[in-house]
Amino acid sequence: MMISHSSHEEAVMELKASNLNDVREFLVHDLQKFDLVSAGHGWSLYKTLLHCAQTIEFSMSGYPKLRPLIIRRTVGRIVLKKFLKNNKMKHDLTAPVPGAAEIADEGNISEAVAVTVKTIDDFMSYSGQYKEHLLFGKLSKKEYDEYFTLHYADHFSDYQNMK
């Protein structure tokens with residue numbers, strides 16, 4: 001994890017993680033060192049953590065709604081390859097997973113961290129077949145790990161450290 005500063009002297013979060021294990025370590029050991037406030041483009045930290053955990057869970061249980069097969073096999077794969085090649089992604093930070101249960105805007109951060117860490121642990125130990133991603137189609141465990149890491153980093157890019 002790294003903190004960088006914008007030209008406006010705000011401490012903007014930049015999560016530099018190689019994989020979900022790095023994300024997990026940040027959540028367990030470093031998150032409490034920061035006083036994170038959304039820059040106004042995304043959700044509360046609580047909702048962000050549970051949204052990211054929800055997407056990981058769906059890789060094992062199945063996404064509620066999938067984009068059409070033609071999209072998952074063409075455009076979706078192209079977008080994923082671009083994200084993975086550039087080691088960066090940008091997406092709508094307020095887009096819920098289609099068909100998923102709504103997540104409350106606010107709640108206990110410690111509980112959200114615990115859910116997120118458990119979901120990462122479940123993913124890491126999962127030995128079944130991963131379900132198709134709603135947009136990217138069939139992904140290997142390695143591709144999912146890389147994608148989820150970028151997903152966390154993109155969401156965390158919306159936060160400023162106020163400490």
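Up top is the structure.
What this report covers is the structure whose coordinates are included nearby. These numbers were taken from a predicted model, which means no experiment stands behind them. (Residues numbered from 1 in each chain as written. Predicted model: local features only at pLDDT ≥ 70, side-chain atom pairs only at ≥ 80, totals over all residues. Heavy atoms only, no water.)

1. Quick notes on the overall build of the protein
Alright, step 1. Of the regular secondary structure elements, the protein holds six helices and four strands.
Alright, step 2. Element order for the protein, N to C, with α for helix and β for strand: β-β-α-β-α-α-α-α-α-β.
Alright, step 3. Counting only C-alpha atoms and orienting by the principal axes, one finds that the protein spans roughly 45 × 30 × 25 Å.
Alright, step 4. Here the protein holds 163 residues, and 42% of them are scored as buried.
Alright, step 5. Pairs at least 24 apart in sequence give 80% of the contacts found in the protein among residues at least 6 apart. (Helix = DSSP H or I, 4+ residues; strand = E, 2+ residues; numbered from the N terminus. Buried < 20%, exposed > 50% of the residue type's maximum accessible area, 1.4 Å probe, protein only. Contact = heavy atoms within 4.5 Å.)

2. Brief notes about the side chain of Gln-54
Alright, step 1. Here Gln-54 shows up in helix H2 (residues 45-61).
Alright, step 2. On the basis of relative accessible area, Gln-54 is assigned to the buried category, the value being 14%.
Alright, step 3. Here Gln-54 is in contact with Val-97, Ala-100, Ala-101 and Ile-103, once residues within four sequence places are set aside.

3. Quick notes on H2
Alright, step 1. Taking 1.5 Å per residue as the helical rise, H2 with its 17 residues ought to reach 24 Å, and the 24 Å between its terminal C-alpha atoms agrees with that figure.
Alright, step 2. Among the 17 residues in H2, 15 count as buried, and that is most of the element.
Alright, step 3. The positive-phi residue at the C-terminal boundary of H2 is Gly-62, with phi of around 110°. (Expected span 1.5 Å × (residues − 1).)

4. Regarding the nonpolar core
Alright, step 1. Within the largest apolar cluster, 41 residues are counted, with the highest numbers of intra-cluster contacts made by Leu-27, Leu-31, Tyr-152 and Phe-156.
Alright, step 2. Secondary-structure elements contributing two or more residues to this core are helix H1 (20-30), H2, helix H4 (75-86), helix H5 (109-125) and helix H6 (141-156).
Alright, step 3. The biggest single contributor to this core is H2, with eight residues.
Alright, step 4. Non-local contacts of Phe-156, meaning those with residues more than four positions away in its chain, are made with Met-13, Leu-15, Phe-26, Leu-27, Leu-31, Leu-36, Leu-45 and Leu-49. (Core = buried A, V, L, I, M, F, W, Y, C linked by side-chain atoms within 4.5 Å.)

5. A closer look at H4
Alright, step 1. Counted at 1.5 Å a residue, the expected span for H4 with its twelve residues is 16 Å, and the 17 Å between its end C-alpha atoms agrees.
Alright, step 2. Of all the residues in H4, the buried ones are Gly-76, Arg-77, Leu-80 and Phe-83. Mapping the buried residues of H4 onto a view down its axis gives an arc of 125°, with all of them on the same face. Exposed side chains of H4 directed beyond 90 degrees from the buried face belong to Ile-78, Lys-81, Lys-82 and Lys-85.
Alright, step 3. After H4 finishes, the residue Asn-87 shows a positive phi value of roughly 55°. (Arc of directions from axis to C-beta.)

6. Focus on unusual backbone geometry
Alright, step 1. Phi is positive for Asn-87, close to 55°, though the residue is something other than glycine.
Alright, step 2. Position of Asn-87 relative to the elements: it lies in the loop between H4 and H5.
Alright, step 3. The class for Asn-87 is exposed, based on a relative accessible area of 56%.

7. Some remarks on the environment of Phe-58
Alright, step 1. Considering the arrangement of structural elements, one finds Phe-58 in helix H2.
Alright, step 2. For Phe-58, a relative accessible area of 12% translates into the label buried.
Alright, step 3. Here the alpha-carbon distance between Phe-58 and Phe-83, two residues 25 residues apart in the chain, equals 20 Å.
Alright, step 4. Excluding residues within four positions of it along the chain, Phe-58 makes contact with Tyr-63, Pro-64, Val-97, Ala-100 and Lys-131.

8. Some remarks on the packing of H2 against H5
Alright, step 1. Running from amino to carboxyl end, H2 crosses H5 at an angle of 20°, the nearest separation of the two axes being 9 Å. It follows that H2 is roughly parallel to H5 by the angle criterion. Considering only the axes of H2 and H5, their crossing is left-handed. Facing H2, whose interface residues are Leu-45, Tyr-46, Leu-49, Leu-50, Ala-53, Ile-56, Glu-57, Ser-59 and Met-60, H5 presents Ile-109, Ala-112, Val-113, Val-115, Thr-116, Thr-119, Ile-120, Asp-122 and Phe-123. (Axes fitted to C-alpha atoms, helices over the stretch in contact; angles between N-to-C directions. Parallel < 35°, antiparallel > 145°, perpendicular 65-115°, else oblique. Left-handed = near helix turned anticlockwise from the far one by under 90°.)

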